[in-house]
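Tertiary structure, described
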Amino acid sequence: MEERLSLIFVSGGVRSGKSSFAEELAIKIARQYDAHNSSQSDCILHYIAAGQASDEEMKARIAHHQRNRNESKVNWKTWEQPIGLKRLEDVFDITDVVLLDCLTTLLNNEFFREGEKWRNPSFQAQLMEDIIEGIEMIVSSCQTLIIVSNEVFYEPYSDNELTMIYKKMLGKLHQKLVRMANRAYLVEVGIPILMKGDH
Amino acid sequence: MHFVTGGAFNGKSQWVKEYYKLNETPHQWISVYGGELPNLWTEKEAIYQQPFMVFDGIESVFKVWVQKYDVSDIRDMWRSFIDSWNEWEQNDPQRNVVIIGTDFSKGIVPLQALDRKWRDVTGWAYQDIVSVAERVEIVWYGIARQIK
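In short, a report on the structure. Everything quoted here is computed from the prediction, not taken from an experiment. (Residues numbered from 1 in each chain as written. Chains lettered and ligands numbered in written order. Predicted model: local features only at pLDDT ≥ 70, side-chain atom pairs only at ≥ 80, totals over all residues. Heavy atoms only, no water.)

Let's shift gears to the interface of chain A and chain B. Across the contact, 24 residues belong to chain A and 23 residues belong to chain B. Across the chain A/chain B interface, buried area totals approximately 2000 Å², and carbon plus sulfur atoms make up 66% of it. In terms of surface lost to chain B, no three residues of chain A exceed Y154, Y157 and M195 of chain A, which account for 41% of the buried area on that side. Applying the counting criterion to the chain A and chain B interface returns zero salt bridges. Sorting the residues of the side of chain A that touches chain B by element identifies β1 (7-12), α5 (161-180), β6 (183-188) and β7 (191-196) of chain A as the ones contributing at least two each. Per element, the largest residue contribution to the side of chain A that touches chain B is seven residues, and it comes from α5 of chain A. (Contact = heavy atoms within 4.5 Å. Buried area = accessible area lost by both parts, 1.4 Å probe. Salt bridge = Lys/Arg side-chain N within 4 Å of Asp/Glu carboxyl O. Helix = DSSP H or I, 4+ residues; strand = E, 2+ residues; numbered from the N terminus.)

Here it is, written out as C-alpha cells:
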C-alpha cells in the first residue's frame, strides 16, 4: 500500500541547511507526484513564510531565502502568514505540496500577538491549540505539508520567564508534531538524519 | 543502570514512563529539579520503598553543587552516588535504576563563570554515568535512540 505522506517535520540548528533540505524535499515530492499523475493538473508548490521584515537583518534573511527559492527554477506560490494559519483554509488543493518555514517564527509572532498575555497559561494553551488546529487543517487540505523548525533546547536553563515559557511551548509543539508526522528529520551540518518513518 | 538524556522539553520523562509502563509498575520517582540530592547513598534503605528507582532532572544537583564544591569533589561525590546505586541494583535482579538528565551542552558559552562550571561538570558527570550504565538513550521529541 502506498503511504500517504501528509506531514513531514524537519528540525535543525541555525544554518544547519534545514530550509534548503526542506525545499529540495518539497520539490522532489511534487515532481514524483507529477511523474505518476501525468494526466492530471500539476501539483503546486506553496511556501508559507512566517518571517516579518521588521528590521534590516530580517529583510536580509528573507531576501536570502527568496533568492535561494528563485534560483531553484521552481515556481513557489508564497503566502506571507506571520500569524493565523487557519486563514489559509481554502487556498490549497489536495494535490499540492506546502512548506511552512518556520514554526519558531510563527510561534514567536503568535506569542506576542496580544501584548503581555503570554504570561497567562490559558492563553498559552489556546495558542498551541490554534497552531495545531491550523496545521491539521492544512495537512487535510493538501498532499503533503513540510514544517521547518529550530533546535533551541540544548542551552543551560535561563531564569528568564519569557524564554522558558516559549521553549516549553515549542518543545510541546515539536513532540506533538513528531507524533503526528509520517516522517521526521533532524538536519545536522546539512545532513538530514531520518528520526522517524521511511525514506 | 539506564541513563536517559536529550534536550529540554523533549519528552524524556514521558518516554521513561511509557517505556517502562510506570503507570502499572510500582516505582519511586525522585524529581530533583530545583533541589539538592539527599544523602541517598547512605540512606537508601530508609528512602527506597520500590525496586524501581527513577532520578529525574539530575542536572539540577550539579547546579547546586557548583556553588559549594570544586570540580574534583563533585566528580567524587557523583561517582560514589553512581557506584552505590549501581551496586544496589546489581544485588537483586528485580531492581532497576533510571537516571534522567537534560543535555544543555550545545549553546553559546555562558556569560557567568558558575554557569560555565555547571555546564562543564554536567558534561563530565554524564560521561561518568555513561561509562557505568549498561544502557543509554537520547530522546528527541519523544523518539528514543539507544546509543549504548
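Regular strands show a simple pattern: their side chains alternate between the two faces of the sheet. All names here are of chain B. Where burial is concerned, most of strand β4 (residues 96-102) is hidden: six out of the seven residues are buried. Note that strand β1 (residues 2-6) and β4 share five bridges and pair parallel. Residue pairing in the sheet places T5 in a bridge with G101 of β4. Bridge count between strand β3 (residues 52-56) and β4: five bridges; the pairing is parallel. Bridge pairing links D56 to I100 in β4. (Buried < 20%, exposed > 50% of the residue type's maximum accessible area, 1.4 Å probe, protein only. Pairing = 2+ DSSP bridges.)

Our next topic: the pattern of salt bridges. All names here are of chain A. If you walk through the whole model with that rule in mind, you get 16 salt bridges over all chains. The closest approach of N and O atoms between E161 and R119, which form a salt bridge, is 2.7 Å. Here E161, found in helix α5, pairs with R119, found in the loop between α3 (103-111) and α4 (121-141); they are 42 residues apart in sequence, far enough to count as distant. Overall, the relative accessible area of 39% leaves E161 in the partly exposed class. For R119, a relative accessible area of 42% puts it in the partly exposed group. Salt bridges here are not isolated pairs; linked through shared partners, they connect K86, E110, R113, E114, K117, D130 and E133.

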